Amino acid sequence: MHSDDVIAVLATFPHTRLIEANGDTFAVHDPDHDLERRPRQGWATVVRSDVNDTASDLGRPGVYRLNIGLPTRRFRELFPEPEDHDPTALDVLFPHPVYASYHWVSVLNPEATWPLALALLLDAHAFAERKYRNASSRSSTAARPQPPTVGPDPTADRDG
């Protein structure tokens, strides 16, 4: 599967904005089209160069890395115990070489792993939507005026 094909799939996810930088593509959940005012973390990336890290040797012709940000539980299902992975191996799912502690996974040039990668993209997008809804809910709750506290006046003289 070519990197452009993966990017075309990312573009089909609802409310996804694709941002290109240094030849890499970042998929960001942006339903309000206000990314410039309220930056958010992407939920998937297609990286074609070693600009950000050299772990996967992306300078090889035609090699790219699909990175996917997952909920903790899903990441732990895939990688319950820390173990060594070859971040240069093609078509093998592995914890992201830099962002595994943030529950990101990677695969170079997915082919046989594409069905799993697509399922993980669905999980990552749903997670991005959930984080967005939770953040929106918190900000709308914080913006509402709070009712006054009912109870004894803490400044009143207790001895009468």
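Residues numbered from 1 in each chain as written. Predicted model: local features only at pLDDT ≥ 70, side-chain atom pairs only at ≥ 80, totals over all residues. Heavy atoms only, no water.

Student: Mind showing me how you'd approach unusual backbone geometry here?
Tutor: Glycine aside, residues mostly have negative phi angles, and peptide bonds mostly take the trans form. Phi at Asn22 takes a positive value of approximately 55°, unusual for a residue other than glycine. Counting through the fold element by element, Asn22 comes out in the loop between β1 (16–21) and β2 (24–29). The exposed category is assigned to Asn22, whose relative accessible area is 57%. Positive phi outside glycine occurs at Asp91, with the angle close to 60°. (Helix = DSSP H or I, 4+ residues; strand = E, 2+ residues; numbered from the N terminus. Buried < 20%, exposed > 50% of the residue type's maximum accessible area, 1.4 Å probe, protein only.)

Student: Sorry if this is basic, but what is going on with the confidence of the model for the protein here?
Tutor: Do not read the predicted coordinates in detail wherever pLDDT is low. Considering every residue of the protein, the mean pLDDT works out to 86; 82% of them sit at 70 or more. The low-confidence segment residues 143–160, where pLDDT is below 50, has 1 contact with residues more than four positions distant or belonging to other chains. (pLDDT = per-residue confidence, 0-100. Contact = heavy atoms within 4.5 Å.)

Student: Would you mind going over the packing of aromatic side chains with me for this structure?
Tutor: Applying the stated criterion across every chain, the model contains 3 aromatic pairs. Between Phe75 and Phe79, the ring centres sit 5.6 Å apart and the planes meet at 50°, which makes this aromatic pair tilted. Taken individually, Phe75 and Phe79 each receive the classification buried, so the pair is uniform in this respect. Between Tyr99 and Tyr102 the ring centres are 6.1 Å apart and the planes differ by 50°, which places this aromatic pair in the tilted class. Note on Tyr102: relative accessible area 57%, which makes it exposed. (Phe/Tyr/Trp six-rings, centres within 6.5 Å; stacked < 30°, edge-to-face > 60°.)

Student: For this particular structure, what's the right way to read the nonpolar core?
Tutor: Across soluble globular proteins, nonpolar side chains show a tendency to be buried alongside one another. Leu10, Trp43, Val46, Leu66, Ile68, Val105 and Leu121 are the most contacted members of the largest nonpolar core, which has 23 residues in total. At the level of elements, α1 (3–10), β3 (44–47), β4 (65–69), β6 (104–108) and α3 (114–143) are the ones that each hand at least two residues to this core. Per element, the largest residue contribution to this core is 6 residues, and it comes from α3. In terms of nonpolar packing, the next biggest core, distinct from the first, is built from 5 residues, Val47, Leu58, Val63 and Phe94 among them. (Core = buried A, V, L, I, M, F, W, Y, C linked by side-chain atoms within 4.5 Å.)

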